[in-house]
Every structure is written in C-alpha cells, then in structure tokens.
Amino acid sequence: MNNAANQTAKSVPDINPGEENKVELDRLIQILQREAAETAGWTGRKRFSDPVIDAIRRVPRHAFFPERPSMFEAYANRPYPIGFGQTISQPYIVALMTELADLTPTARVLEVGTGSGYQAAVLAELAQDVFTIERIEELAQHAKRVFKTLGYANIHVAHDDGSKGWAEHAPYDVIVVTAAAQKIPKALIDQLAPGGRMIIPIGGQWDPQSLTLGIKDQAGKFTKVPLLPVAFVPLVCTNA
Ligand code: SAH
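Before going further, it helps to spend a moment on helix α2 (residues 22–38). The terminal C-alpha atoms of α2, which comprises 17 residues, lie 24 Å apart, in line with the 24 Å expected from a rise of 1.5 Å per residue. If you follow the buried residues of α2, they end up packed against α3 (40–43), α4 (50–58), α5 (71–74) and α6 (91–101).

Below, the structure written as structure tokens:
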C-alpha cells in the first residue's frame, strides 16, 4: 500500500462537482429559508436573498470537511468538528453572516478564523477578494489546498493572529469574524473602511454571545447592533 498517496488523497477529499449533493442541498436551502423566517425578529432578514442562496448552492460544503463526509452529514444544518477543537460553521450561520455583509461584486472582505474555509468560499462567490486569517497552521494549509482544488483564485490565506487584522490589504468593506471576541479588537475597527460593515459574535466562550453587526459611517463613527444569540468558539487574542 502506498502510504504517501493515501495521505494526499485524505488531505483534500475527492471533489466531484456533479449532482451528488443536489437532493441534500435542496433540502438544506428549504431549511435555511425556514430558519431565516423564524429568526427574522432578531436579524431583520425574513429570507435569504437569491445571491446568497446561489452562493450556498455553488460551494460544495462536503469539500471542506477534513475527511470525506456523507452527503447527509455535509448538508445537515449543523456545525461539525474539523479537528483542533474547531468546527465548520452551521450553514444557517454562514448564510446569515453572508447576508448581513450586503456584499457587492467589488467588495474586499477580511475574514478572521478561516477554519475549514467554507465561509470564506461562500463570501468569495459574491465579493471581489477575500483575505482570510487562521491561527492554526494545519487548518490554514488545508483550507489553502481546498481553495486551490476548487479554483478560488480570489481567496488569500494567512497563518497569523487575526485579531491584529491584515493591515497590508486594509481597508476592508466587510469584516467577518467567525470566532467570539469579548471585545472587538481595535485593529479590526481601524481596518474597516468608512461605510463598511463588520459581523462578529461578541461574548465569552461559556457566556451568552451576540452576533453583532458593526457599521462604520462615512465620518468614521462605529456603532454596534446586537442581533442574535449564538455559540462560537473563542477568538484567541495574543495581543489583547
Ligand atoms: N469560518 C470557519 C469557522 C471557523 S471556527 C468555517 O467556515 O469553517 C473559528 C476559527 O477561528 C478556528 O479555526 C480558530 O482556530 C480560528 N481563530 C480563533 N482565534 C483566532 C485568531 N486570533 N486569529 C485567527 N484565527 C483564529
């Protein structure tokens, strides 16, 4: 048995963009729209928009799992462990964060917490460029390989502490943070463009967390609107 070949095969699951996920994806989208309606009182969004739904349809979530999942697992509306104590986010949360971003085709996006890479790929379907930062090197490397296999040339990955942002490419029209912070890191507010939007869960690991929309007005004033109770893994800040 050729071990090296086996390991390569495992490190990026086979991606067959055919119809194999169609039934599960259709079912997932119905569930997402139902959940959007149920949570509209919090989020202000009764349905996911067509561009967001199309993005969810185009991204093969099964390709982002560390090992090839069943289609049932891959398109269940649930988070799933990806190793290192981290998770691939629940599809509803990915759709909601993408919806709240109000992306335009020229948007430049910073994501903190690449994890599996799934959220970054959904954002990259709708934005011009996505810059994504992950503190766990193995996860950053795995996501990079999946982006390459799927042909996402507009996703740029850094292995670093994302609470510092990524100053080189700032400012960003949208910043999406996929780990919970006690307090929004100042660097992220600084790197948001005037008129920009930030979507970030605020709260401790075991405390109630609030998915929060931050808006910077044209004059540079930043305001926060707490929207929805959520449960994210913590943002690990080494420079706080
Ligand atoms: N967006 C991911 C979900 C990621 S879970 C997806 O779609 O799958 C949150 C991720 O944030 C974890 O991988 C964790 O390692 C990462 N993280 C936590 N603190 C971080 C920090 N300070 N900088 C960069 N990544 C961080």
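For any two helices packed against each other, the geometry comes down to the angle between their axes and how far apart the axes lie. Where α2 contacts α4, the two axes come as close as 10 Å, and the packing angle between them is 150 degrees. Remark: the crossing between α2 and α4 carries right-handed chirality. On the side of α2, the interface is formed by Leu25, Asp26, Ile29, Leu32 and Gln33, while α4 contributes Ile53, Ile56 and Arg57.

Looking now at the site of the ligand. Looking at the ligand, there are 26 residues lining it, with Ser116, Glu134, Asp161, Gly162 and Val236 nearest. Between the ligand and Gly113, the relevant distance is 3.0 Å, taken from a nitrogen atom to a main-chain nitrogen or oxygen of the residue. Separating a nitrogen atom of the ligand from a backbone N or O atom of Arg135 is a distance of 3.2 Å. Protein chains shield 99% of the accessible area of the ligand, which is 580 Å² for the free molecule. Looking at the shell around the ligand, the element that brings in the most residues is strand β2 (residues 86–88), giving 3 residues. Residue composition of the shell around the ligand, by class: 10 nonpolar, 11 polar and 5 charged.

Direction vectors running N to C along α6 and helix α7 (residues 118–126) enclose 35 degrees, while the axes themselves pass 10 Å from each other. The chirality of how α6 crosses α7 is right-handed. For the pair formed by α6 and α7, the contact residues are Ile93, Val94, Met97 and Thr98 on the first element and Tyr118, Gln119, Val122, Leu123 and Leu126 on the second. Within the contact of α6 with α7, the residues separate by chemical class into 7 nonpolar, 2 polar and no charged.

Adjacent strands of a sheet form backbone hydrogen bonds with each other and so pair up, either parallel or antiparallel. What the 7 strands build is an open sheet, ordered β5-β4-β3-β6-β7-β8-β9; its pairing is mixed. Each edge of the open sheet carries a strand with a single partner, namely β5 (155–159) and β9 (222–230). The average undirected angle you get between the axes of adjacent strands in this sheet is 15 degrees. The sheet contact formed by strand β7 (residues 192–202) and strand β8 (residues 209–216) spans 6 bridges and is antiparallel. By the bridge assignment, Arg197 is partnered in β8 with Ile215. In this fold α6 packs onto β6 (172–177), β7, β8 and β9, with an angle of close to 160 degrees to the strand it touches most, β7. Across the sheet, helix α8 (residues 137–150) lies against β4 (129–134) and β5, angled at about 165 degrees from β5, the strand it touches most.

About the criteria used
Residues numbered from 1 in each chain as written. Predicted model: local features only at pLDDT ≥ 70, side-chain atom pairs only at ≥ 80, totals over all residues. Heavy atoms only, no water. Helix = DSSP H or I, 4+ residues; strand = E, 2+ residues; numbered from the N terminus. Expected span 1.5 Å × (residues − 1). Contact = heavy atoms within 4.5 Å. Axes fitted to C-alpha atoms, helices over the stretch in contact; angles between N-to-C directions. Left-handed = near helix turned anticlockwise from the far one by under 90°. Near = heavy atom within 4 Å. Polar contact = N/O pair within 3.5 Å; in protein donor to acceptor, adjacent residues only side chain to side chain. Areas by Shrake-Rupley, 256 points an atom, 1.4 Å probe, with all protein chains shown as cover. Nonpolar A, V, L, I, M, F, W, Y, C, P; charged D, E, K, R; others polar. Pairing = 2+ DSSP bridges.

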